[in-house]
Amino acid sequence: MTYTLTTPLYYVNDKPHLGSAYTTLACDALARFQRLKGEQVLFITGCDEHGQKIQRTAEAAGLSPQAHCDGVSAQYRALWDRWQISNDRLIRTTDGRHRQIVEQFFARVEASGDILEGRQQGWYCVACEEFKDDPHEAQDPECPIHRKPLEWRDEVNLFFRLSRYQQQIEDLIARPGFIQPASRRNEVENFVKQGLRDFSISRVNLPWGIPVPGHEGHTFYVWFDALLGYITALLEDGDAADLETALSRGWPASVHVIGKDILRFHAVYWPAMLLSAGLPLPAKVFGHGFLTREGQKMGKSLGNVLDPETLLERCGRDAVRWYLLRDIPFGEDGDFQQQRFSDLVNNDLANTIGNLLNRTSSMARRWFDECVPPVTAAKRLDHVLAQAASTARFSALAALEQLDFRTAAEAALQLAISANGFLNDQAPWSQMKQEGTREQVADDLYAVLEAARIVALLMAPLLPDLSGRMLAQLGQPIPDSGVTATGSSDWLQHLEWGGLAEGMALPEPSPVMARLELEEPL
Ligand code: MSP
């Protein structure tokens, strides 16, 4: 079984910002965790390139829509490369094969009798590419997310018979674990309870889209087209554009990770489309919160974004990943605050974790021939740090299964805090000055080095760079959690206490994490 996970397919109306990077970074941690456990992973991300929003942006820039999309999607690709995102696919909805997948899928839905012609009237947000529920008589309504005026639409479209799937969708969203976090289920339940209405899946007079076969003048509504990108993305290089082939490569998805604003599309419209086409449903939809800045959703349309390029350049991958994964409960909103960002990075990574490793390995090298010291009692599973490691391991693994990156990060950090406490209590620097304590010092240093090894391994899905530097400092192999991972892994075994070999040479230490000194605002 393949573990297929997806980010949303990002609109290419502008270059990527930290909000879009957030989902991708979290998915990267999840993909790495699954690979480390030995799963065969298919991590999908991509770009959503059709629709009115993109067409208008391209027009405003004086470019053809295709040239505009080529430019922005190249920026996404480059950014994910620089962030070392381990995506297996980057689908673009303008890919040639995608059009054929959409056509084949539509043929199934049409054959199910779920396509009708109808008149669509309502208020539309182009930035959301979505009809809003504002009443027809509303005066100058605006989108609460984008703070932009809604546009009145009245046209004959093709409709998808969503209403037919009322019961099945109710059953689906009642299924424990389908919508996560559970707190998000309510809002979808309320929406569904009001009665599902058919929704339009085509547009007229919108050339920048995939033409609907057999319905001249209609192009597919961008969401109908984009959701299917998850399936096109399954195709391997060299595969023909065939729906069955695509599905055989890793469908159904294990999880769609998305922002809370697009939960309805993923938990209601998309499953109904799949039911209509007779295809299996994704196992889980996880709706995370918004990153805010000064309390406002960070977004391209609002212009209050943090540039992920600047962050990367000035702060590095580890720092940003740590802040986003460790400080913001995944599922809730989080406000980006620069001071807190640098405080956490410096306290947790540079001081608690980095210094722990550095000073312990320096002491071990100085007093025990540049090697891991000989161990006696510290190998035992009832050693205080063995117990702390076992607690951390249990908590981190359970949390990662739930996409609770914060608890996982805290578990690793807590182990480092315990190891620092142990070191300070044992004070090997004083003990070394006394007679007959060499064996005790060796044992204590072994225990702390072993705890640091486990901290490093627990960090592997979250902060693969820092984890790699720590493991290298401990002379340990670095597990492959990236796209080249083979589907077998001994990470779980290595997380067991006592894996560090006594007498093994310790490389010369150098700081594994630089402090963040941010004088200017980001
Ligand atoms: N193109 C659609 C998704 C189609 S999926 C088949 C879309 N694109 S988007 O670029 O506007 O947004 C993509 C994701 O980024 C959404 O899940 C959205 O919530 C997320 N984010 C955009 N701004 C965000 C923040 N400020 N904070 C966190 N996530 C944010 O919607």
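Residue numbering note: each chain is counted from 1, following its sequence as written. Per-residue local features are limited, in this predicted model, to residues with pLDDT of at least 70; the limit for side-chain atom pairs, both in listing and counting, is 80 or more; totals at the level of whole chains, interfaces and linings are taken over all residues. Side-chain metrics rest on all non-hydrogen atoms present in the structure, leaving aside hydrogens and water.

## Regarding the environment of leucine 79
Among the structural elements, leucine 79 can be located in helix α3 (residues 65–82). The buried label goes to any residue with under 20% of its type's maximum accessible area, the exposed label to any with over 50%, and the partly exposed label to all in between, with areas taken from a 1.4 Å probe on protein chains only. You can call leucine 79 buried: its relative accessible area is 1%. When the C-alpha positions of leucine 79 and leucine 312 are compared, they lie 9.6 Å apart, and in sequence the two are 233 residues distant. Apart from the residues lying within four places of it in its own chain, the contact partners of leucine 79 are Pro16, Pro308 and Glu309. Here a strand is any run of E in DSSP of at least two residues, a helix any run of H or I of at least four, and the numbering for each starts at the N terminus. Any pair of residues with heavy atoms lying within 4.5 Å of one another is described as a contacting pair.

## Quick word on the sheet that holds strand β12 (residues 285–288)
The pairing criterion for strands is at least two bridges between them, as found by DSSP. Across the sheet, which stays open at both edges, the 6 strands sit in the order β3-β2-β1-β11-β12-β7 with parallel pairing between neighbours. The open sheet has two edge strands with one neighbour each: β3 (89–92) and β7 (179–180). As paired strands, strand β1 (residues 2–11) and strand β2 (residues 40–48) are joined by 8 bridges and run parallel to one another. The residue of β2 that forms the bridge with tyrosine 3 is valine 41.

## Overview of the pattern of salt bridges
Salt bridges are defined as contacts in which a side-chain nitrogen from Lys or Arg sits within 4 Å of a carboxyl oxygen from Asp or Glu. For the coordinates displayed, the defined rule picks out 31 salt bridges. Between arginine 108 and glutamate 244 there is a salt bridge, with its nearest N and O atoms 2.5 Å apart. A residue pair is termed long-range when its members are at least 10 positions apart, and arginine 108 in helix α4 (residues 96–111) and glutamate 244 in helix α9 (residues 243–248) qualify at 136 residues. A single network of salt bridges, built from pairs that share partners, joins Asp28, Arg32 and Arg321.

## A few points about the pairing of strand β6 (residues 151–160)
Two faces make up the sheet, and in a regular strand the side chains alternate between them. Of the pairings in the sheet, the one linking strand β4 (residues 115–125) to β6 comprises 10 bridges and is antiparallel in character. Following the sheet pairing, leucine 116 is matched in β6 by phenylalanine 159. Taken together, the 2 bridges between β6 and strand β8 (residues 199–200) define a ladder with antiparallel strand orientation. In the strand pairing of β8, phenylalanine 160 is matched with phenylalanine 199.

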